[in-house]
2 protein chains.
Amino acid sequence: MPTLSVFVDVPLAQKLEGRLLKTYKQDNCPQKMFLAYRACMTNEGQLWVSPVVHKIRLQIVQDPSLNHEYMPVMGMKSFIQASLELLFGKHSRVISENRVGGVHTIGDSGAFRLAAQFLKTWRGASQIVYIISSQNELHGLVFQDMGFTVCEYSFWDSRQLCMSPNMLLDVVEQAPHGCIFVIGNIDNFKMTQHQWVKLMATMKSKQIFPFFDIPYQGLSTGDLEEDTKFLQYFVSGGFEFFCNQSLSNNFGIYDEGVAILVVVAFNNQLLLCALSQLMNFALALWLNPPTMGARIITTILCNPALQEAWKQNLKEVVENIMLIKEKVKEKLRLLGTPGSWNHITDQKGTHGYLGLDSQQVDYLVKKKHIYIPKNGRINFTCINACNIDYVTESINEAVLLTKDSEK
Amino acid sequence: MPTLSVFVDVPLAQKLEGRLLKTYKQDNCPQKMFLAYRACMTNEGQLWVSPVVHKIRLQIVQDPSLNHEYMPVMGMKSFIQASLELLFGKHSRVISENRVGGVHTIGDSGAFRLAAQFLKTWRGASQIVYIISSQNELHGLVFQDMGFTVCEYSFWDSRQLCMSPNMLLDVVEQAPHGCIFVIGNIDNFKMTQHQWVKLMATMKSKQIFPFFDIPYQGLSTGDLEEDTKFLQYFVSGGFEFFCNQSLSNNFGIYDEGVAILVVVAFNNQLLLCALSQLMNFALALWLNPPTMGARIITTILCNPALQEAWKQNLKEVVENIMLIKEKVKEKLRLLGTPGSWNHITDQKGTHGYLGLDSQQVDYLVKKKHIYIPKNGRINFTCINACNIDYVTESINEAVLLTKDSEK
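We now turn to the structure provided with this report. Just so we're clear, the structure is a prediction, and the values are computed from it rather than from any experiment.

1. Looking at the overall build of chain A
Thinking step 1. The helix and strand inventory of chain A stands at 16 helices and 13 strands.
Thinking step 2. In terms of overall dimensions, chain A has C-alpha extents of about 75 × 65 × 50 Å along its principal axes.
Thinking step 3. Taken across its 407 residues, chain A has 60% of its residues classed as buried.
Thinking step 4. Counted over contacts in chain A with a minimum sequence separation of 6, partners at least 24 positions apart contribute 74%.
Thinking step 5. Entry remark: accessible area of chain A is about 16,600 Å², with carbon and sulfur atoms responsible for 52%.
Thinking step 6. The positive charge centre, built from 37 side chains, and the negative charge centre, built from 37, are 2 Å apart in chain A.

Here you go:
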């Protein structure tokens, strides 16, 4: 009798990531383009890498004093320290009070994974997580995989064409007591003081645990401090929270995916307890985080001249993003595309909503081979001098045709 | 009323890793030494790095054609292919039949973690894992963390002072039906044809799933093929299995911890199903594996001259290990230490049992500040010209004193 395979009951899994990218790759049309890359692109259509990084990579590799020992489980201490100072400011309260710490994590999912395991173990009853829809494909999966119930939310108001603080407030008000709230893209809000107070009061009264996702610090406004100002509100508001501080995008080291799971606690003792548990989880997840990415970042952040050069790089990128958005808006105006396109320039950062409905998105993907997600949120740095005419003309066509079909 | 901390119920976790190393670090005695590092050391007491690696690291960093894009979830294809050929041989059956594959994993625990998640989901009833005692501290934890029952075994016969095939056979015979058997250090066995046949027959009849741990390919005998010959037996014996192929030690890139979770299935279709599920788990574990380590290894393995140079490096290391062991044995003989010390040179590889009892180990740690694990299994490359006299004299003392106290 032949032996039965161990894998006999294992079905072919549906590929969970990158369906859009996969379809794009299979498309043979020469004009096809993909506008949803996670990474920042240059005007030449290449992945952006901070010019400082190239130099430092070479320097690290030539450093004879570096030994290539296993990293401790928590990761590189100097890397964690420098990154936390970047996030909160060197002289911030949480740092001087010794109540913020972090664990060096891996790839784009590592920090979420580690956090999910901690929250699953120590957060008891409520196992509900709210995740912004644009991040749900990647990060929702991590929580689902750990047995959490994942609720998707959005605060893009597709009628008003803006990020709506009221939608955010509604979601928080309806969210169940004690849930975990993954908050990304919050720097794109224009919230009044009153709205901030209301948001935090609601979260506090419902014991909602905030989990900030910060994958693009410095690439939103070009000002590192400005991009994470909202964290200070939550610190001042007396919150404890987690934060995924990803540093792949703002340094342009996508292939060395490195991040930190940041923990803010009320005091040092609570922090140390939380970190000690996280460390044991990290031990069973990967044991030693790879170091190349962390070394590059630490070298840059710990040298004032290099840090300044890197900040300048970020400013240039953001200026370029603003220029692209201006051009897209201008081209659409010149084409006479119906509607106001101010929402394009009103949004900050690499990614933003085009403000198209699903029918228009469908038209772009299927008829024009321009691959964008269903919600119409694209990476504006994917648009450059070579493709801007095709993109804007196609958007114009999509809007006109779908307007016609409505009649 | 002050808000209660989210972390109020989180106790300080006991540090699970490196208790021995921690005590060593806290010891102020100038003569202290640690003989249990995982990594291979040079005669100068430095971490060994394959000399080829330095050159290649520099070459990679200077390569302008490399873009630094996110890796796919499965990892670097060329890296996986080259590593599988290293493990099984380019023209091996499993490779030509397209029924071996792998997922690029991270750190020293990554492959175990990924495998544990797969086995937990798809292996149904039996959630029992057998792990060799020397690896239990690190790898057992991963399985425990995933809810498996972990049983520790050893096949070091402390009376006969040798690795005992009969002890292995006994463990397998007593293991429950359908369990998972993590097998490390099996290249150190002197098994007869008859014993191999018996081992495989028992495992097959009990549907025991083999999970090979291969962290030192090439560092056991100095011959890469010889070190993994036993895998061919299991392939020929009609087994499906997993394998942790860690490549940090044999290239000396400990800080870029890189490994592959290898899957051997009966046919390509079964393999693809298993890999597709593993890919989705990897997505939720880290998403993108860091690349530096994989790039170094791929560059070396795909260039025949570099590969040859690296193989030569491994041979030199192994010759050096043999020399150290010979010297230790010789010194003990000259000191007149009671007992035969042939078991030291009979064992292959960097790590091996000293053949001391727990009282003797205790003496070395507490009185002589020589830190070795309770089972007396040390890393022989930690012994060098500077410390060999102190080590052997201390062993001699330990043996004499504990012999005396027995009388």
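2. Notes on the packing of aromatic side chains
Thinking step 1. A complete count under the given rule lists 54 aromatic pairs over all chains for this structure.
Thinking step 2. Ring centres 6.3 Å apart and planes at 85° place the aromatic pair phenylalanine 209 of chain A and phenylalanine 7 of chain B in the edge-to-face group. Separated into two different chains, phenylalanine 209 of chain A in strand 8 (residues 209-214) and phenylalanine 7 of chain B in the segment before helix 1 (19-26) make up a pair that spans both.
Thinking step 3. Classification of phenylalanine 209 of chain A by relative accessible area gives buried; the value is 1%.
Thinking step 4. Summarising the aromatic geometry, the rings of tryptophan 156 of chain B and tyrosine 353 of chain B are spaced 4.4 Å apart at their centres and angled 10° between planes, so their arrangement reads as stacked. On the criterion of sequence distance, the pair formed by tryptophan 156 of chain B in strand 5 (residues 156-157) and tyrosine 353 of chain B in strand 11 (residues 351-353) is long-range, its members being 197 residues apart.

3. Details of the interface of chain A and chain B
Thinking step 1. Facing 79 residues of chain A, the contacting portion of chain B comprises 78 residues.
Thinking step 2. Across the chain A/chain B interface, buried area totals approximately 6,700 Å², and carbon plus sulfur atoms make up 65% of it.
Thinking step 3. Of all residues in chain A, Phe7, His68 and Tyr70 of chain A give up the largest surface area on contact with chain B, accounting jointly for 13% of the area buried on that side.
Thinking step 4. With its nearest N and O atoms 2.8 Å apart, the salt bridge here joins aspartate 255 of chain B to arginine 295 of chain A.
Thinking step 5. Across the chain A-chain B interface, the total number found is 35 residue pairs in polar contact (both at pLDDT 80 or more).
Thinking step 6. Of all elements in the fold, only helix 2 (51-61), helix 5 (110-122), helix 6 (133-145), strand 10 (258-264), helix 11 (268-285) and helix 12 (292-301) of chain A reach the threshold of two or more residues within the side of chain A that touches chain B.
Thinking step 7. Of all the elements, helix 11 of chain A adds the most residues to the side of chain A that touches chain B, at twelve residues.
Thinking step 8. When the residues that make up the side of chain A that touches chain B are grouped by side-chain class, the tally is 44 nonpolar, 20 polar and 15 charged.

4. A word on the nonpolar core
Thinking step 1. Grouped together as the largest cluster of nonpolar side chains are 212 residues, with contacts concentrated most on Phe88 and Phe181 of chain A together with Phe88 and Phe181 of chain B.
Thinking step 2. Setting aside anything within four residues of it in sequence, one finds phenylalanine 181 of chain B in contact with Tyr130, Tyr153, Leu168, Val171, Val172, Met203, Ile208, Phe209, Pro210 and Phe211 of chain B.
Thinking step 3. In terms of nonpolar packing, the next biggest core, distinct from the first, is built from 86 residues, Ile106, Leu119, Leu261 and Trp286 of chain A among them.

5. Overview of the state of the cysteines
All names here are of chain B.
Thinking step 1. In the structure shown here, the tally under the stated rule is zero disulfides over all chains.
Thinking step 2. Here cysteine 243 stays free of any disulfide, with the sulfur of cysteine 179 as its closest cysteine sulfur at 17 Å.
Thinking step 3. On the basis of relative accessibility, which here comes to 0%, the residue cysteine 243 falls in the buried class.

6. Side note on the side chain of threonine 298 of chain B
Residue and element names in this part refer to chain B.
Thinking step 1. Of note, threonine 298 is situated in helix 13 (residues 292-301).
Thinking step 2. Residue threonine 298 is classed as buried on the basis of its relative accessible area of 8%.
Thinking step 3. Setting aside residues no more than four positions away along its own chain, threonine 298 makes contact with Met76, Ser78 and Phe79.

7. Observations regarding helix 12 of chain A
Thinking step 1. Most of helix 12 of chain A is tucked away: nine of the ten residues are buried.
Thinking step 2. Of all the positions in helix 12 of chain A, only Met292, Gly293, Ala294, Arg295, Ile296, Ile297, Thr298, Ile300 and Leu301 of chain A are classed as buried.
Thinking step 3. The elements touched by buried residues of helix 12 of chain A are helix 2, helix 3 (77-88), strand 2 (100-106), strand 10 and helix 13 (304-334) of chain A together with helix 13 of chain B.

8. With respect to the packing of helix 2 of chain A against helix 2 (residues 51-62) of chain B
Thinking step 1. At a minimum axis separation of 9 Å, helix 2 of chain A and helix 2 of chain B run at an interaxial angle of 175°. Considering their axes alone, helix 2 of chain A and helix 2 of chain B lie roughly antiparallel with respect to each other. Between helix 2 of chain A, through Arg57, Leu58 and Val61 of chain A, and helix 2 of chain B, the contact on the second element is made entirely by Arg57, Leu58, Val61 and Gln62 of chain B.

9. A look at the relation of the copies chain A and chain B
Two copies of a chain can be linked by a rotation about an axis combined with a shift along that same axis.
Thinking step 1. Of the transformation superimposing chain A on chain B, the axial component is 0.0 Å and the angular component is 180°, with the fit at an RMSD of 0.0 Å. The operation mapping one copy onto its partner corresponds to a two-fold rotation axis.

10. Some points on the pattern of salt bridges
Thinking step 1. In the structure shown here, the tally under the stated rule is 20 salt bridges over all chains.
Thinking step 2. Through salt bridges with shared partners, a single ionic network connects Arg93, Glu97 and Arg99 of chain A.

11. Some remarks on the sheet that holds strand 9 (residues 241-246) of chain A
Residues and elements named next belong to chain A.
Thinking step 1. The strand order 2-10-9-8-7-3-4 describes an open sheet built from seven strands, whose pairing is mixed. With partners counted over all chains shown, the strands left at the sheet margins are strand 2 and strand 4 (149-153), one partner each. Ignoring strand direction, the axes of neighbouring strands in this sheet form an average angle of 20°.
Thinking step 2. Relative to strand 8, helix 5 is tilted by about 170°, and along the sheet it contacts strand 2, strand 7 (180-184), strand 8, strand 9 and strand 10.
Thinking step 3. Along the sheet, helix 7 (residues 165-174) makes contact with strand 3 (128-132), strand 4 and strand 7, crossing strand 7 at roughly 165°.

12. Re the sheet that holds strand 7 (residues 180-184) of chain B
All names here are of chain B.
Thinking step 1. One open sheet holds the seven strands; their spatial order is 2-10-9-8-7-3-4, and the pairing between them is mixed. Pairing within the sheet leaves two strands with one partner each, and these edge strands are strand 2 (100-106) and strand 4 (149-153). Here the average twist between neighbouring strands, direction ignored, is 20°.
Thinking step 2. Looking at chain direction, strand 2 and strand 10 (residues 258-264) are connected through seven bridges and run antiparallel. Bridging from a neighbouring strand, histidine 104 pairs with isoleucine 260 of strand 10.

Cut-off values and rules
Residues numbered from 1 in each chain as written. Chains lettered and ligands numbered in written order. Predicted model: local features only at pLDDT ≥ 70, side-chain atom pairs only at ≥ 80, totals over all residues. Heavy atoms only, no water. Helix = DSSP H or I, 4+ residues; strand = E, 2+ residues; numbered from the N terminus. Buried < 20%, exposed > 50% of the residue type's maximum accessible area, 1.4 Å probe, protein only. Contact = heavy atoms within 4.5 Å. Areas by Shrake-Rupley, 256 points an atom, 1.4 Å probe, with all protein chains shown as cover. Lys, Arg positive; Asp, Glu negative; His and termini not counted. Charge placed at Lys NZ, Arg CZ, Asp CG, Glu CD. Phe/Tyr/Trp six-rings, centres within 6.5 Å; stacked < 30°, edge-to-face > 60°. Buried area = accessible area lost by both parts, 1.4 Å probe. Salt bridge = Lys/Arg side-chain N within 4 Å of Asp/Glu carboxyl O. Polar contact = N/O pair within 3.5 Å; in protein donor to acceptor, adjacent residues only side chain to side chain. Nonpolar A, V, L, I, M, F, W, Y, C, P; charged D, E, K, R; others polar. Core = buried A, V, L, I, M, F, W, Y, C linked by side-chain atoms within 4.5 Å. Disulfide = S-S within 2.5 Å. Axes fitted to C-alpha atoms, helices over the stretch in contact; angles between N-to-C directions. Parallel < 35°, antiparallel > 145°, perpendicular 65-115°, else oblique. Least-squares fit on C-alpha atoms with pLDDT ≥ 70 in both. Pairing = 2+ DSSP bridges.

Note that all results are geometric; they support no functional claim without further evidence.
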